[in-house]
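The residues making up each chain are set out below.
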Amino acid sequence: MARLAVYPGSFDPLTKGHLDIIHRAAEVFDHVIVAVSNNPAKKHLFSVDERIQMAENAVAAVPNADVDTFSGLLVDYLREKKARVLIRGLRVVSDMDYEFQLASFNRKLNKDVETVFLMPSNEHTYLAASMVREVARLGAKVDEFVTPFVARKLALKFGRKRR
Ligand code: ADP
């Protein structure tokens, strides 16, 4: 049976750190679904359609990964996809607090779901979508942190010339 993994997140926007995790997951699992969350209660910079588009552009080069969206309970989405593995990225020890709680909760909700944590390469450990949004808003160059497609989307979003 093909080993399917789901990598969920808000990906607002997708960064090179996320992409690092997608590549690693695609190496060890047969197929990876990048699941963009659609939670209207959460405020995002990019709409769900924009976040999907950016993720699709980034995973186009990963043959065994694709992009989907989900709303509602993540464990229900995994059940629907017949996937057991949930991928999360761990950058620094401080991520662990939140991620451990989330994984424990998801296990409580569905004991069949296994959360697998992957570490990005050292150059991506400092990278967070929230920081990328903030520096892009302030007009900084973000090419180092995101794909050229996402960099263009950010420039358009903030309606200014990139430095
Ligand atoms: P969420 O809103 O669910 O936290 P994010 O899009 O912020 O979604 O992140 C999705 C997952 O990717 C999380 O597990 C997060 O820890 C991980 N992640 C975010 N940035 C990086 C990075 N630079 N390197 C590795 N993992 C990351």
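Our subject in this report is the structure included herewith. (Residues numbered from 1 in each chain as written. Predicted model: local features only at pLDDT ≥ 70, side-chain atom pairs only at ≥ 80, totals over all residues. Heavy atoms only, no water.)

Further remarks concern the pattern of salt bridges. Tallied over the full model, the rule gives ten salt bridges. When the shortest N-O distance is used, the salt bridge between Arg88 and Glu99 registers 2.8 Å. Residue Arg88 is located in strand S4 (residues 85-89), and its partner Glu99 is located in helix H4 (residues 93-109); the two are separated by eleven residues in the primary sequence. We classify Arg88 as buried; its relative accessible area is 15%. Note on Glu99: relative accessible area 7%, which makes it buried. (Salt bridge = Lys/Arg side-chain N within 4 Å of Asp/Glu carboxyl O. Helix = DSSP H or I, 4+ residues; strand = E, 2+ residues; numbered from the N terminus. Buried < 20%, exposed > 50% of the residue type's maximum accessible area, 1.4 Å probe, protein only.)

Attention now goes to the site of the ligand. Contacts to the ligand come from 16 residues, most closely from Tyr7, Ser10, Phe11, Gly89 and Leu127. In this structure, an oxygen atom belonging to the ligand sits 2.8 Å away from a main-chain N or O atom of Gly89. Separating an oxygen atom of the ligand from a side-chain N or O atom of Glu99 is a distance of 3.3 Å. In isolation the ligand has 550 Å² of accessible area, and contact with the protein removes 88% of it. Of all the secondary structure elements, the ones that give two or more residues to the shell around the ligand are strand S1 (4-9), helix H1 (16-28) and S4. Across the shell around the ligand, the residue classes tally to six nonpolar, six polar and four charged. (Near = heavy atom within 4 Å. Polar contact = N/O pair within 3.5 Å; in protein donor to acceptor, adjacent residues only side chain to side chain. Areas by Shrake-Rupley, 256 points an atom, 1.4 Å probe, with all protein chains shown as cover. Nonpolar A, V, L, I, M, F, W, Y, C, P; charged D, E, K, R; others polar.)

Reading across the sheet, the five strands line up as S3-S2-S1-S4-S5 and stay open at both edges, with parallel pairing between neighbours. Among the strands making up the open sheet, the edge pair consists of strand S3 (65-70) and strand S5 (114-118). Each neighbouring strand pair of the sheet contributes to a mean axis angle of 30 degrees, computed without reference to strand direction. Relative to S5, S4 runs parallel, the two being bridged by five bridges. Paired with Val85 across the bridge in S5 is Glu114. Its contacts with the sheet put helix H3 (residues 74-81) on S1, strand S2 (31-37), S3 and S4, and the angle it makes with S3 is roughly 130 degrees. (Pairing = 2+ DSSP bridges. Axes fitted to C-alpha atoms, helices over the stretch in contact; angles between N-to-C directions. Contact = heavy atoms within 4.5 Å.)

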